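Residues per chain are reported as follows:
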Amino acid sequence: MPRRRPFIVALLCVCTAFASACGPAQSGETKSPEAVTSIPRLSDVDVSGAAKDLSGEINLDLGADEPTPIVEDPAQSLPVTVKDSQGSRVTVKTAERVLALDQYGTLAQITYELGLGDALVGRDLSTQFTQAKDLPLVTHNGHELNGEAILDLSPDLIITDTSLGPWDVIEQVRDAGVPVVVVDSARNLDNIADLVGQVASALGVTDTGTALAKRTADEVAAVRAVIDEKAPSSVQDKLRTVFLYVRGQSGVYYMFGQDSGADSLISATGAYDVSEEIGWKGMKPLNDEGLVAAQPDAIIMMTKGLESAGGVDGLLERYPSLANTPAGSNRRFITMPDSQILSFGPRSADVLNALAVAMYAPESLR
């Protein structure tokens, strides 16, 4: 394992430990408002001149998209030997039966957009895009890897990170002779190109990976340019924003801070990331003191996370101090499915656009 595990990896290990809480909504949970799936481009809508005064919950969902390969049937240069993120040298002889598995479905999405979707033989729970929906699942109880299901598919390559467990399953498939390439588990807007490159190298399509990384970066840059134009420019007018990670059934309540990945997401939407101001580093258990110090205008969460807490009312009941923040009093909660919001892959531009529309032009979603 790497010597320094990024904060986001620690979060994913928390989620793996409570895998049942990361799966479908369970009985007793409060459903979120109906998801908004028709999301306009920020460039096409009028934004509010008083973003801090807006109110109401918004549940976003990008839907099960149909990703577009950067090329069709790319030429693969195999065999190839790569050094993965754990320092292991892995030789990939063929990549005709591939499993690309992680917490958010990002690795399968990248594989498909590299033009190698036909090589995918199974999927994780978070891989929901249209072309992959009929592939057999190799995870159960949420995000737990199933060794038997994996080996039954006879993969000749597995690309994964450390976000899924138990790790014994990875060792099991390695012992069975299946090459496993472990890519970086860190997820943020700054390392998307590196992640695409790692996947592309393992698949023997390095040049195609370079092209996909550029396309993704260009799309993100275009959205950020619109956000810079339309979002409040002065610090005092920016939405003070925090990201909460919650799994209510397991009593997991965290606020994400600096170097968590969520901080880069918040800043990219033109909002004010409160974590640096209050010295909130990484991921730490949520407490009333942190909420009072943060005084957020808006709170971003995963959809199922807010549902597991009993919705906004349940969260306010557990943390009464939240009601005394602008976000709590205005019920300013923006949610998005777990598989989308922190995926930091080819859909990053769409995630940023959706969040920005919800922050600055919510009337366009109603």
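Residues numbered from 1 in each chain as written. Predicted model: local features only at pLDDT ≥ 70, side-chain atom pairs only at ≥ 80, totals over all residues. Heavy atoms only, no water.

1. A few points about the nonpolar core
- Residues L60, L203, F243 and L342 are the most contacted members of the largest nonpolar core, which totals 75 residues.
- No other element matches helix 14 (residues 348–360), which puts 10 residues into this core.
- In this structure, L291, A309, V312 and F333 belong to the second largest nonpolar core, which totals 21 residues. (Core = buried A, V, L, I, M, F, W, Y, C linked by side-chain atoms within 4.5 Å. Buried < 20%, exposed > 50% of the residue type's maximum accessible area, 1.4 Å probe, protein only. Helix = DSSP H or I, 4+ residues; strand = E, 2+ residues; numbered from the N terminus.)

2. Some points on the pairing of strand 4 (residues 98–101)
- By the alternation rule, side chains of strand 4 split into V98 and A100 and L99 and L101, which are all buried.
- Bridge analysis of strand 4 against strand 7 (residues 157–160) gives 4 bridges, and the strand direction is parallel. Residue pairing across strands places L99 opposite I158, the latter belonging to strand 7. (Pairing = 2+ DSSP bridges.)

3. What about the environment of V173?
- Counting through the fold element by element, V173 comes out in helix 4 (residues 167–175).
- Among the residues examined, V173 registers a relative accessible area of 0% and is labelled buried.
- The sequence separation of V173 and E148 amounts to 25 residues, and the corresponding C-alpha distance is 9.2 Å.
- Leave out the neighbours within four places in its chain, and V173 touches I150, L151, I158, V178 and V180. (Contact = heavy atoms within 4.5 Å.)

4. Concerning the packing of aromatic side chains
- All chains considered together, the criterion is met by 4 aromatic pairs.
- Geometrically, the ring pair formed by F243 and F256 is stacked, given 5.2 Å between the ring centres and 15 degrees between the ring planes. Here F243 is found in strand 9 (residues 240–247), whereas its partner F256 is found in strand 10 (residues 252–256), with 13 residues between them in sequence.
- Given the relative accessible area of 3%, F256 is considered buried.
- Look at Y245 and F256: their rings are 6.0 Å apart centre to centre, the planes differ by 15 degrees, and that puts the pair in the stacked class. Separated by 11 residues along the polypeptide, Y245 in strand 9 and F256 in strand 10 bring together distant segments of the chain. (Phe/Tyr/Trp six-rings, centres within 6.5 Å; stacked < 30°, edge-to-face > 60°.)

5. Observations regarding the pattern of salt bridges
- Under the counting rule described, the total for this entry stands at 11 salt bridges.
- Across the pair D297 and K52 runs a salt bridge whose closest N-O atoms are separated by 2.6 Å. Remark: K52 occurs in the loop between helix 1 (7–17) and strand 1 (58–59) and D297 occurs in the loop between helix 9 (288–294) and strand 13 (298–302); sequence separation between them is 245 residues.
- Across the salt bridge formed by E57 and R331, the nearest N and O atoms sit 3.2 Å from each other. Separated by 274 residues along the polypeptide, E57 in the loop between helix 1 and strand 1 and R331 in the loop between helix 12 (326–329) and strand 14 (333–336) bring together distant segments of the chain.
- Given a relative accessible area of 26%, E57 falls into the partly exposed group.
- Residues joined by salt bridges that share partners form a network here, namely E57, D313 and R331. (Salt bridge = Lys/Arg side-chain N within 4 Å of Asp/Glu carboxyl O.)

6. Notes on the confidence of the model for the chain
- Confidence in the prediction for the chain averages 90 pLDDT; 92% of positions are at 70 or higher.
- Note on residues 1–28: pLDDT is under 50 here. Beyond four places in sequence and across chains, it has 62 contacts. (pLDDT = per-residue confidence, 0-100.)

7. Side note on the environment of W280
- As for its placement among the helices and strands, W280 is situated in the loop between helix 8 (274–278) and strand 12 (283–285).
- Residue W280 is classed as buried on the basis of its relative accessible area, which comes to 6%.
- The residues contacting W280, other than those within four sequence positions of it, are M255, F256, G257, Q258, S275, P285, N287 and G290.
- A polar atom in the side chain of W280 sits 2.7 Å from the backbone oxygen of M255. (Polar contact = N/O pair within 3.5 Å; in protein donor to acceptor, adjacent residues only side chain to side chain.)

8. So, unusual backbone geometry
- Cis geometry marks the peptide bond from L78 to P79, where omega comes out at 5 degrees.
- Within the secondary structure layout, P79 lies in the loop between strand 1 and strand 2 (80–83).
- P166 follows G165 through a cis peptide bond whose omega is 0 degrees.
- Following the sequence through the fold, P166 ends up in the loop between strand 7 and helix 4.
- Of note, the phi angle at D259 is positive, near 65 degrees, even though the residue is not glycine.
- Relative to the elements of secondary structure, D259 occurs in the loop between strand 10 and helix 7 (262–268).
- For R331, which is not glycine, the phi torsion reads 50 degrees and is therefore positive.

9. Description of the environment of D175
- Residue position: D175 is located in helix 4.
- The exposure class assigned to D175 is exposed, which follows from its relative accessible area of 69%.
- On a C-alpha basis, the gap between D175 and P67 in space is 34 Å, while along the polypeptide they are 108 residues apart.

10. Notes on the sheet that holds strand 4
- As summarised here, the arrangement of the 3 strands in space is 4-7-8, forming an open sheet in which the pairing is parallel. Both edges of this open sheet fall to strand 4 and strand 8 (180–182), since each of them pairs with a single strand only. Between one strand axis and the next, the sheet turns through 15 degrees on average, direction left out of account.
- Set on the sheet, helix 4 makes contact with strand 7 and strand 8; between it and strand 8 the angle comes to about 140 degrees.
- Contacts from helix 5 (residues 192–203) reach strand 4, strand 7 and strand 8, with the element oriented near 175 degrees to strand 7. (Axes fitted to C-alpha atoms, helices over the stretch in contact; angles between N-to-C directions.)

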